[in-house]
Amino acid sequence: MTTVRRTPVRVGVFGLLGSGNLGNDGSLEALLGYLRAEHPDAVVDALCGGPEAVTERFRIPATRLHWYRGEYRTASRAGSIAGKGLGKLVDAVRTAAWVRRHDVVIVPGMGVLEATLPLRPWGFPYALFLLCAAGRLLGTKVALVSVGAAEIGSRPTRALVRWSGRLAAYRSYRDAPSREAMRAMGVDTRRDEVYPDLAFSLPVPVPAAGAPAGPEGPVCVGVMAFHGGNDDRARAEEIHRRYLDGTTRFVRALVEDGRPVRLLMGDDVDRPVVAAILAAVDSPLLTAASPASLDDLMRETAAAETVVATRYHNLICALKVGTPTLALTYARKSEALMDRMGLGEYCHPAREVDADRLIEQFRALEKQSPELRRTLAERNLAARRELRQQFDDLTAALFPAAGRPPHDRSPAHEHDHDHAPREAP
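Our subject in this report is the structure included herewith. (Residues numbered from 1 in each chain as written. Predicted model: local features only at pLDDT ≥ 70, side-chain atom pairs only at ≥ 80, totals over all residues. Heavy atoms only, no water.)

**Overview of the sheet that holds strand 12 (residues 325-329)**
Strand order in the open sheet formed by six strands is 10-9-8-11-12-13, with parallel pairing between adjacent strands. Strands at the two margins of the open sheet, each flanked by one partner only, are strand 10 (286-288) and strand 13 (347-349). Ignoring strand direction, the axes of neighbouring strands in this sheet form an average angle of 20 degrees. In this sheet, strand 10 lies alongside strand 9 (residues 261-264) in parallel orientation, the contact comprising three bridges. Bridge pairing links Leu263 to Ala288 in strand 10. Lying over the sheet, helix 8 (residues 271-280) contacts strand 9 and strand 10, oriented at roughly 160 degrees with respect to strand 10. Together, strand 8 (219-222), strand 9 and strand 11 (306-309) form the strand contacts of helix 9 (residues 294-302), whose direction differs from that of strand 9 by roughly 160 degrees. (Pairing = 2+ DSSP bridges. Helix = DSSP H or I, 4+ residues; strand = E, 2+ residues; numbered from the N terminus. Axes fitted to C-alpha atoms, helices over the stretch in contact; angles between N-to-C directions. Contact = heavy atoms within 4.5 Å.)

Dropping the structure here:
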């Protein structure tokens, strides 16, 4: 009897990974956990923003996303403008060559189909379009897995996002508003599913599980270098000043009430905000953490009595460990997350932080703490069940019978209806 040797499936992961954003890296960690558990023979590498960081932390080979290293710096001189322009052409060739080496490319979570924060069309939206177009042309399946989306006003960005969605072989979203946004932008989403954010599949740190907190325990305040969204560029500094002033007043009120406050961030760009609040509120009750992962964030938020946070994955970490949380929201994704977890009434607009109103909401939240902890335990259990289904669906949709070399793949076969996203219930 002849034994058929199966060729390991070659999986690429793609995104702004290793670039200092804890949520993005947490999404990658969750995906790698799934691949190592369900597809241990898969050969995995990344095309990403910070290849050195990804290789060091996750032990997978990684390639820089952009040929031009100054991609995300503003181009003002002729040389830098020319470098960026040439980089777009080089990136088209580099991306296609990278995609061709894989059976499957996965974009794990992240808000890759939204512009809720400032974003230029020829940056990441263009890179994502190149990826999806190359996948369709070369017969490599590209999967957008539990991603975030939002309607986009800028026509170039909207067009790139729309075509990226259309060209992907598989799509799922982290909330219903994301699916609705893609439908509104012209993508047929009838077969697309909604699942929780991938970070809900991460293990809860053992010391963090069920960590007790007292009635006047510490408060974690997750801050953000918030300047509004893509359509707020003209008001960016005004929005940031209002956010910082309101958050600082809120922190000062907590400290004056005798509450220990721990400042958290979710991205390297948040450090100046932390520094500004520490400088404005001089008290031994106020400290700051420098988390390096979502695991670190979960440990911090589990040790708190209550959390108030802005960044999406700061919210997820707090909710995942069962700590009552108040969200400073800047996009529908945060409101959808809070609704999913049963805390929809505890939201406050990040663009219009009113410290007095925030204190009122905070006190109301703490009064309901025991009940909310029970609600969060139930909702977390449901999220884990749903993500098990997400990973089962991903296996069924993306991983072909191994053994067929990449050059034998047919684009028409890889993107037929058998591999389309499943009909939504």
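Following the structure, the description resumes.
**What about helix 12 (residues 355-367)?**
If you check helix 12, its first and last C-alpha atoms are 18 Å apart, about what 13 residues at 1.5 Å a residue would give, namely 18 Å. For helix 12, the full list of buried residues reads Ala355, Leu358, Ile359, Gln361, Phe362, Leu365 and Glu366. All buried residues of helix 12 fall inside an arc of 165 degrees around its axis, so they share one side. Within helix 12, the exposed residues directed more than 90 degrees away from the buried face are Arg363 and Lys367. For helix 12, the elements touching its buried residues are strand 8, helix 7 (236-256), strand 11, strand 12, strand 13 and helix 13 (369-398). Between the side-chain oxygen of the N-cap and the backbone nitrogen of Asp356 there are 3.1 Å, and the N-cap of helix 12 in question is Asp354. (Expected span 1.5 Å × (residues − 1). Buried < 20%, exposed > 50% of the residue type's maximum accessible area, 1.4 Å probe, protein only. Arc of directions from axis to C-beta. Polar contact = N/O pair within 3.5 Å; in protein donor to acceptor, adjacent residues only side chain to side chain.)

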